[in-house]
Structure formats: structure tokens, C-alpha cells
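# Descriptive analysis of the structure
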Amino acid sequence: MATCEVQRPVQDNIVEPQIPPTLRSNQGNPVPAASSGFLHPVARDAPVEEMQARFERDGYLWVKNVLPRGDVLDMREYYFRNYAAPGMLHPSAAPREGIFDPKSDPLAHQGLGGDPKQQTLELLDLAHTDPVYRKFLTHPDLRAFVRHFMGWDQEVLIKRALLRHNCPGSHSSPVHYDQMFLRAGEPEFLTAWLSIGDCAPNGGGLMYLENSNELGQEIEAEFARNAQVLSPEERISVFNRHMAKDGYLTHDAEEFGRVKMGNKMRWLVGDYEAGDVLFHKPYVVHASTRNEDQQGRIRLSSDLRFYRKGALVDERWDNIFKSDDGLS
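Report on the accompanying structure. (Residues numbered from 1 in each chain as written. Predicted model: local features only at pLDDT ≥ 70, side-chain atom pairs only at ≥ 80, totals over all residues. Heavy atoms only, no water.)

## Structural notes on the overall build of the protein
If you tally the helices and strands in the protein, you get 8 helices and 11 strands. Taking 328 residues into account, the globule formula puts the C-alpha radius of gyration at 20 Å, and the protein, at 19 Å, falls close to it. Referenced to the eigenvectors of the C-alpha coordinate spread, the extents of the protein come out at roughly 70 × 55 × 40 Å. For the protein, buried positions account for 54% of its 328 residues. Long-range contacts, defined here as pairs at least 24 residues apart, represent 79% of the contacts in the protein between residues at least 6 apart. A total of about 15,100 Å² of accessible surface is found on the protein, and carbon and sulfur atoms cover 49% of it. Across the protein, the 37 positively charged side chains and the 47 negatively charged ones have centroids separated by 2 Å. (Helix = DSSP H or I, 4+ residues; strand = E, 2+ residues; numbered from the N terminus. Rg over C-alpha atoms; globule rule 2.2 N^0.38 Å. Buried < 20%, exposed > 50% of the residue type's maximum accessible area, 1.4 Å probe, protein only. Contact = heavy atoms within 4.5 Å. Areas by Shrake-Rupley, 256 points an atom, 1.4 Å probe, with all protein chains shown as cover. Lys, Arg positive; Asp, Glu negative; His and termini not counted. Charge placed at Lys NZ, Arg CZ, Asp CG, Glu CD.)

See the structure below:
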């Protein structure tokens with residue numbers, strides 16, 4: 001009887017690692033291997049119906065090579081040439097590499113998500129308004145993919161995109177979901193996280209709590225019930241009296257997964273490359289891993305939020321980031 005070979009989908013040809021890395025957040029114990037795992041990437045030319053189905057099921061989607069690698073590395077080089085504070089970069093490494101100087105104190109070079117020093121905040125204010133960065137956000141390949149993936153005629157980028165660097169040994173973004181910060185608008189936006197450079201699983205990139213979209217909605221519903229006694233301004237603030245002092249759920253990812261979820265959900269990461277984009281929903285619980293990159297690479301990334309034209313946008317976020325805007 002004749003047989004034929006079944007053609008494997010393009011995305012199935014992507015090689016994935018097998019052994020989960022040790023994951024750490026700002027505080028607490030490492031996430032044990034049994035409670036961690038890998039995200040499964042998809043090729044950008046995969047059938048859109050398949051990508052949409054996975055996004056609906058998981059709440060997140062890692063897409064390979066959405067942007068040309070060279071364009072992303074050009075942005076990385078530009079940032080470190082122009083906005084690296086003195087002492088941040090290794091003196092013998094090229095800005096395009098973005099290697100941290102191990103002789104420096106990483107806590108003195110924290111970015112957004114940590115506790116940046118005043119000098120860093122001033123540089124970040126400039127970087128967010130830089131025409132090169134603003135043009136990078138309009139990259140036609142990214143915009144076209146968003147419209148294709150979401151089935152939108154026209155997308156709107158919230159102006160308050162965030163540009164973040166994370167040095168090895170510094171603090172990373174704690175556990176949260178995005179709707180916490182955009183409560184004055186509808187939870188209809190799409191977050192896109194761009195790794196501006198290669199980022200190892202333990203290199204400070206995003207980690208997602210598996211199957212956490214409903215969890216985020218439940219937590220937000222509880223916050224909303226508790227907020228009934230607050231003023232309208234306080235209700236939409238991530239810093240209101242019912243929230244943690246810095247607006248996040250916790251700085252301890254291991255404890256959150258173990259105590260809050262009874263070890264029933266895993267933290268998932270990936271080995272991200274320049275040009276990859278991660279997309280996720282407003283209520284998906286996520287954080288950044290502690291940057292323990294063996295090559296000393298500084299993680300540089302940008303998180304963007306897209307709406308379909310006509311949706312109700314949180315107007316507080318319709319302005320370019322400023323370090324004193326009080327939003328995050």
C-alpha cells in the first residue's frame with residue numbers, strides 16, 4: 001500500500017529547548033523546574049486561524065520574525081549609543097551588543113519596572129520622545145501583522161509605549177496584568193512586547209502564568225468590588241488603597257504560583273530573538289524574569305498597546321511617557 005509523507009506545518013519546524021531554566025523574580029525563591037516550562041512559538045506565516053485559536057485559548061502568542069532582525073538590532077544600537085548612562089556598558093563591547101559592565105552596580109542602572117535613578121529617568125524621558133524610536137513603533141511589518149492577526153481595518157497605537165532596559169542583577173517588572181494600569185478604558189487592547197535584541201530564557205524577558213486570563217479577570221473583579229467606596233479617580237488608579245504600594249500583584253513569582261495557585265499553573269518563558277513579538281490579552285498574568293544572562297546582555301524591550309479604531313481608549317495613556325506622569 002502506498003504511503004505519503006504528511007507535510008509538517010512551518011511552525012513545527014522551529015527548534016525548541018527541552019530543559020526549563022531556573023527562573024527568578026525580584027524576591028523569593030527560584031521557580032522550581034516542575035512549575036516552569038517553555039512557550040511554543042509560531043511562525044509569522046502560520047495560518048491566521050490557527051494563530052487566533054491559540055491566542056483565544058492561551059491569552060498569549062509568541063510569533064517569530066515579525067520584524068526584520070537587522071532593523072531591531074539597529075534600534076538596539078541606537079538606544080545604547082545615545083541613552084546608556086555612564087558606567088552601564090562594558091567598555092570593550094559594541095553598543096549593538098549591549099553588554100553590561102560587571103564593575104558597575106546594577107541597582108544604579110535600573111530601568112522601568114525597577115527603581116530608576118534620576119539621571120536614568122531623564123534619559124528615558126528623552127528616549128521616549130526620540131524620533132528614531134517613535135518611527136520604529138510605526139514599522140510597517142509590525143503594523144501589517146497586527147491588522148492581519150486581529151482582523152482590523154485600522155489599528156491605533158496608544159502613544160504611551162514603554163521602552164525598558166534591564167541590566168543583569170537589577171530589578172525586573174513584578175507580577176501584574178496590563179488592565180490594572182489602563183482601567184479608564186475598555187479591556188479590548190492588544191499588547192505587543194518586542195525584544196530589542198536576543199533574550200535568553202533567564203535574560204530578563206517576559207514569563208507568562210499559564211492559563212491565567214480568567215485569573216486576571218477574577219482578581220480585577222475583586223478589586224472593583226473593593227473599590228466601590230473610592231472616588232472615581234481612585235478607582236482607576238493602580239496605586240489606590242486596595243492595591244499593593246507600587247501597583248503590582250507581587251514581586252515574588254514563585255510564591256504567587258505556589259500559594260495563590262497551589263502550583264497548578266506554570267510560569268512559561270522563551271528564548272526570544274530580535275524580531276520576535278509576543279502578543280497578549282489585557283488580563284493575562286505575567287512578569288519579567290530576573291536578568292541572569294550568562295553573556296551579560298542588557299535586555300532592551302518595548303511594550304506597545306493597540307486598539308481597533310473606534311474603541312474606548314484610556315485617555316491617560318494617550319500621551320508619550322513621562323517619568324512623572326504617575327501612571328506606572
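Anyway, onward from the coordinates.
## Structural notes on the pairing of strand 5 (residues 162-166)
Of all the 5 residues making up strand 5, 5 are buried; the element is thus mostly covered by neighbouring parts of the structure. Side-chain alternation along strand 5 places Leu162, Arg164 and Asn166 on one buried face and Leu163 and His165 on a second face that is also buried. Relative to strand 11 (residues 299-308), strand 5 is paired through 5 bridges, and the arrangement is antiparallel. Along strand 11, the bridge assignment pairs Leu162 with Asp303. (Pairing = 2+ DSSP bridges.)

## Structural notes on the packing of helix 1 (residues 48-58) against helix 5 (residues 140-150)
At a minimum axis separation of 9 Å, helix 1 and helix 5 run at an interaxial angle of 80 degrees. Classified by the angle their axes make, helix 1 and helix 5 are roughly perpendicular. In this structure, helix 1 contributes Val48, Met51, Gln52 and Phe55 to the contact, and helix 5 contributes Phe145, His148 and Phe149. In the contact of helix 1 with helix 5, the residues fall into 5 nonpolar, 2 polar and no charged. (Axes fitted to C-alpha atoms, helices over the stretch in contact; angles between N-to-C directions. Parallel < 35°, antiparallel > 145°, perpendicular 65-115°, else oblique. Nonpolar A, V, L, I, M, F, W, Y, C, P; charged D, E, K, R; others polar.)

## Quick look at the nonpolar core
Core analysis: the largest hydrophobic core is formed by 74 residues, its most contacted members being Leu142, Trp267, Phe279 and Leu304. Of all the elements, helix 2 (residues 69-83) adds the most residues to this core, at 6 residues. Listed in part, the 11 residues of the second largest apolar core include Leu39, Trp62, Leu268 and Val284. (Core = buried A, V, L, I, M, F, W, Y, C linked by side-chain atoms within 4.5 Å.)

## Section: the pairing of strand 3 (residues 60-64)
When a strand is regular, its side chains alternate between the sheet's two faces. Strand 3 sits mainly inside the fold: 5 of its 5 residues count as buried. The alternating pattern of strand 3 places Tyr60, Trp62 and Lys64 on one face and Leu61 and Val63 on the opposite face, and all of these are buried. With 2 bridges connecting them, strand 2 (residues 42-43) and strand 3 associate as parallel partners. Its bridge partner being in strand 3, Val42 is matched across the sheet by Val63. Running through helix 1, the crossover from strand 2 to the neighbouring parallel element strand 3 is right-handed. In terms of strand pairing, strand 3 meets strand 9 (residues 277-280) through 4 bridges, oriented antiparallel. (Right-handed = clockwise from strand over helix to strand, strands pointing away.)

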